[in-house]
Amino acid sequence: MARSLQGKTLEAILTELLEVYGWDGLAHRIAIQCFINDPSIKSSLKFLRKTAWARAKLEMLYLSLPD
């Protein structure tokens, strides 16, 4: 079954991606400062909530994870 964004919060998506890739892996896949310089979930969520293109890249990365 394919992954879905339905019912997933942005925080849950970010947390799951961090478990798989870590901050370095996320920064390599999506080059944004909140993943590169002193990363934290709080600062990343703040940026992702106001930056549609970055949120879209994060969601696409999440959807590409194998089940």
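Residues numbered from 1 in each chain as written. Predicted model: local features only at pLDDT ≥ 70, side-chain atom pairs only at ≥ 80, totals over all residues. Heavy atoms only, no water.

An unreviewed UniProt entry annotates the protein chain as DUF2132 domain-containing protein of Undibacterium baiyunense.

Asker: For this particular structure, what's the right way to read the pattern of salt bridges?
Answerer: Working definition: two side chains of opposite charge can pair if their charged atoms are close together. Using the criterion set out here, one finds two salt bridges in the structure. The partner of Arg 3 in a salt bridge is Glu 16, and the shortest N-O contact between them spans 2.9 Å. Placement of Arg 3 in the segment before helix 1 (10-29) and of Glu 16 in helix 1 is noted, with a sequence separation of 13 residues between them. A salt bridge links Glu 16 to Lys 8, with the shortest nitrogen-to-oxygen separation between them at 3.3 Å. Here the residues in one salt-bridge network are Arg 3, Lys 8 and Glu 16, joined through shared partners. (Salt bridge = Lys/Arg side-chain N within 4 Å of Asp/Glu carboxyl O. Helix = DSSP H or I, 4+ residues; strand = E, 2+ residues; numbered from the N terminus.)

Asker: Just to check I follow, could you spell out the nonpolar core for this structure?
Answerer: In globular proteins that are soluble, nonpolar side chains generally tend to be buried together. Counting 18 residues, the largest nonpolar core has Leu 14, Leu 17, Leu 26, Ile 32, Phe 35, Leu 48 and Leu 58 as the members making the most contacts within it. Within the residue set of this core, elements represented by two or more residues are helix 1, helix 2 (33-36), helix 3 (41-50) and helix 4 (52-63). Excluding residues within four positions of it along the chain, Leu 26 makes contact with Leu 14, Leu 17, Leu 18, Tyr 21, Phe 35, Leu 58 and Leu 61. (Core = buried A, V, L, I, M, F, W, Y, C linked by side-chain atoms within 4.5 Å. Buried < 20%, exposed > 50% of the residue type's maximum accessible area, 1.4 Å probe, protein only. Contact = heavy atoms within 4.5 Å.)

Asker: Which parts of the structure should I look at to understand helix 3?
Answerer: In an α-helix, one full turn covers 3.6 residues, which means residues spaced three or four apart are oriented alike. Buried residues of helix 3: Ser 44, Leu 45 and Leu 48, and no others. Within helix 3, the buried residues cover an arc of 100° as seen down the axis, which keeps them to one side. Exposed side of helix 3, more than 90 degrees from the buried face: Lys 42, Lys 46 and Lys 50 are the residues found there. Contacts from the buried residues of helix 3 go to helix 1, helix 2 and helix 4. (Arc of directions from axis to C-beta.)

Asker: Can you walk me through helix 1 in this structure?
Answerer: Its 20 residues give helix 1 an end-to-end C-alpha distance of only 17 Å, which falls more than 12% under 28 Å, the value for a rise of 1.5 Å per residue. Along helix 1, the sharpest change in direction is near 95° and occurs at Gly 22. Of the positions making up helix 1, those classed as buried are Leu 10, Ile 13, Leu 14, Glu 16, Leu 17, Leu 18, Gly 25, Leu 26 and Ala 27. On its buried face, helix 1 sits against helix 2, helix 3 and helix 4. (Expected span 1.5 Å × (residues − 1). Bend = angle between axes of the 7 residues up to and from the residue.)

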